[in-house]
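# A look at the structure
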Amino acid sequence: MDEQIGFAEFVALRRDTWVRAACLLTGDVHTAEDLVQTALIRVWPRWKRVSARGDADAYVRAVLTNVFLTSVRKRRWREVTTDPHDAGLLNQAPGKSGSSDEVDQRLHLLRVLSDLAPRQRAVIVLRYYLDLSEAETATTLGCSVGTIKSQAAKGAAKLRNSIMAASSSKAKEDER
Amino acid sequence: MNETDECDDVLHNLLHANVDHIHASTDLADRVEVGARRRRTARRSVTGVVALVAAGAVAGVLTAIHPGSVPTAAAQLPRCAQQLNTYLRAERRPKPNQGLGNAKPLVPGTPVGAVVCRYAGLNELRPEGDLAGSATITDKAQISRLQSAVNKSQIFTGAMYCPFGPSDEAVMFFTYGRGTANLEVFYDRWCGMLHTADASYLVRGDLYQIVTNWTGIWQHPATPSAR
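An account of the accompanying structure is given in this report. (Residues numbered from 1 in each chain as written. Chains lettered and ligands numbered in written order. Predicted model: local features only at pLDDT ≥ 70, side-chain atom pairs only at ≥ 80, totals over all residues. Heavy atoms only, no water.)

Bringing the state of the cysteines into the picture now. Residue and element names in this part refer to chain B. Counting across every chain of the model gives 1 disulfide over all chains. Cys80 shares a disulfide with Cys117; S-S distance 2.0 Å. Here the S-S torsion is close to -85°, and the disulfide linking Cys80 with Cys117 is therefore left-handed. Here Cys117 lies in strand β1 (residues 113-119) and Cys80 lies in the loop between α3 (71-75) and β1, a separation of 37 residues in the sequence. (Disulfide = S-S within 2.5 Å. Helix = DSSP H or I, 4+ residues; strand = E, 2+ residues; numbered from the N terminus.)

Here it is in structure tokens:
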């Protein structure tokens, strides 16, 4: 069926972006894949209508964010892996390039990001990773632009402060 | 570019640097399709079950609103056989007194439907034993009237020789709903008796009028007065 071939192509084009965004939301690659899969399962039956409207990416983004926020709300406990080789995104190699300082900075950012409230985290990811405008982020999360502005400002400030604090403490250690 | 914009850029770059090495599974679309199909099947099953339950509830409500009509009973009411001798009559003779008296009603409980089948007797235009008329009763008041008339009959404790019979007979079925056996009552109009699998009874009351009103009268040259 044409709409299902279109869906597969669309997923092939966008899957990496969604899984990466989901990684930032959940802090774990496997949970991120599950999240994207759950969201796409909800999109699949409506694909014909969604693709005809021409805003499929926005629709998937909204579903993905909703699934994430719902899963966080429903979760009363959290699985913690005991496998040292499979400890989620925080222990994975972030990239081939980069000094040890950069690696530390990245890991620190992820830890701080995971400490943000889920909705605030979603705002940061949508605004600063997916580069959505405030209006687009507001539409995705179903709230006002004012709320997005304030949440983004607070979240970004926490991240900046935390990164700066980590950098200054690192500099002090280096001086010694 | 002001300081905030610079910080935003740093944040953007840091976020990208953290996850841009990650790649999604190549079979994601396939897994999604399988999952979506399973979800749809499960939803359809649930919808089917809900629809069945809802249909049952609606049928129950309709029955409560229109107590005279019992569609579920009507659906399983027996049909009259075309020939009287089709029925397997286990006992045509009165049984000896078993000390039951009339303590146990002939038609117990609350039947939800009844069928009356009248068969032609001797010297009728139709061949003897052919189905001459029938009535299917689902109205509660009418079922109750028939049950009451039948239950006025008295259990027969002796032996009887009936010179006219058997002729001009009717068979009555009382149903009690799905999954329960029908009660079969044979009405021997000439001898004024009712026969069930358990016992025989002497007819009292207006059973003849009820049966003939619903299924027509026996066209016999020597029709006796109504019993």
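We now examine the side chain of B:Gln147. Summarising the element assignment, B:Gln147 is placed in helix α4 (residues 140-151). The residues contacting B:Gln147, other than those within four sequence positions of it, are B:Val107, B:Pro108, B:Gly109, B:Pro111 and B:Phe174. (Contact = heavy atoms within 4.5 Å.)

Before going further, it helps to examine the sheet that holds strand β5 (residues 183-188) of chain B. Paired through backbone hydrogen bonds, the strands of a sheet run either parallel or antiparallel to each other. Residue and element names in this part refer to chain B. The sheet built from 7 strands is open, its strands ordered β2-β1-β4-β5-β6-β7-β3 with antiparallel pairing. Both edges of this open sheet fall to β2 (131-137) and β3 (154-155), since each of them pairs with a single strand only. Of the strand pairs in this sheet, strand β6 (residues 193-195) and strand β7 (residues 200-202) are connected by 3 bridges, and their pairing is antiparallel. Residue pairing across strands places Leu194 opposite Tyr201, the latter belonging to β7. (Pairing = 2+ DSSP bridges.)

So, about unusual backbone geometry. When glycine is set aside, most residues are seen to have a negative phi, and most peptide bonds are trans. Even without being a glycine, A:Asp131 presents a positive backbone phi close to 55°. As for its placement among the helices and strands, A:Asp131 is situated in the loop between α6 (118-129) and α7 (134-141).

Moving on: the packing of α6(A) against α7(A). Helix-helix packing is characterised by the crossing angle of the two axes and by the distance between the axes. Residues and elements named next belong to chain A. In contact at an axis separation of 10 Å, α6 and α7 are set at 135° when each is read in the N-to-C sense. Accordingly, the angle class assigned to the pair α6 and α7 is oblique. The chirality of how α6 crosses α7 is right-handed. Within the contact between the two elements, α6 uses Arg119, Ala122, Val123, Leu126 and Arg127 and α7 uses Glu134, Thr137, Thr140 and Leu141. Residue classes in the contact of α6 with α7 are distributed as 4 nonpolar, 2 polar and 3 charged. (Axes fitted to C-alpha atoms, helices over the stretch in contact; angles between N-to-C directions. Parallel < 35°, antiparallel > 145°, perpendicular 65-115°, else oblique. Left-handed = near helix turned anticlockwise from the far one by under 90°. Nonpolar A, V, L, I, M, F, W, Y, C, P; charged D, E, K, R; others polar.)

Our next topic: the pairing of strand β4 (residues 169-175) of chain B. Here is the key point about a regular strand: its side chains alternate between the two faces of the sheet. Residues and elements named next belong to chain B. Most of β4 sits out of view: 7 of its 7 residues are buried. Neither face of β4 is exposed, since Glu169, Val171, Phe173 and Thr175 on one face and Ala170, Met172 and Phe174 on the opposite face are all buried. As judged from the 6 bridges shared by β4 and β5, these two strands associate in the antiparallel manner. When the bridges of β5 are listed, Val171 appears paired with Phe186. (Buried < 20%, exposed > 50% of the residue type's maximum accessible area, 1.4 Å probe, protein only.)

Once that is clear, we can look at the interface of chain A and chain B. You'll often see interface size given as the accessible area lost when the parts meet. Each partner contributes to the interface: chain A provides 36 residues, whereas chain B provides 27 residues. Of the roughly 3100 Å² buried between chain A and chain B, counting both surfaces, carbon and sulfur atoms make up 65%. Interface area lost by chain A to chain B is led by A:Arg20, A:Trp44 and A:Tyr128, which between them contribute 21%. The tally of links between chain A and chain B comes to 1 salt bridge. A salt bridge links A:Glu33 to B:Arg31; the nearest nitrogen and oxygen atoms lie 2.8 Å apart. The interface formed by chain A and chain B holds 14 residue pairs in polar contact (both at pLDDT 80 or more) in total. Sorting the residues of the side of chain A that touches chain B by element identifies α1 (2-26), α2 (29-43), α5 (100-115), α6 and α8 (145-175) of chain A as the ones contributing at least two each. Among the elements that line the side of chain A that touches chain B, the one with the most residues is α1(A), at 10 residues. Among the residues making up the side of chain A that touches chain B, the classes are represented as 24 nonpolar, 4 polar and 8 charged. (Buried area = accessible area lost by both parts, 1.4 Å probe. Salt bridge = Lys/Arg side-chain N within 4 Å of Asp/Glu carboxyl O. Polar contact = N/O pair within 3.5 Å; in protein donor to acceptor, adjacent residues only side chain to side chain.)

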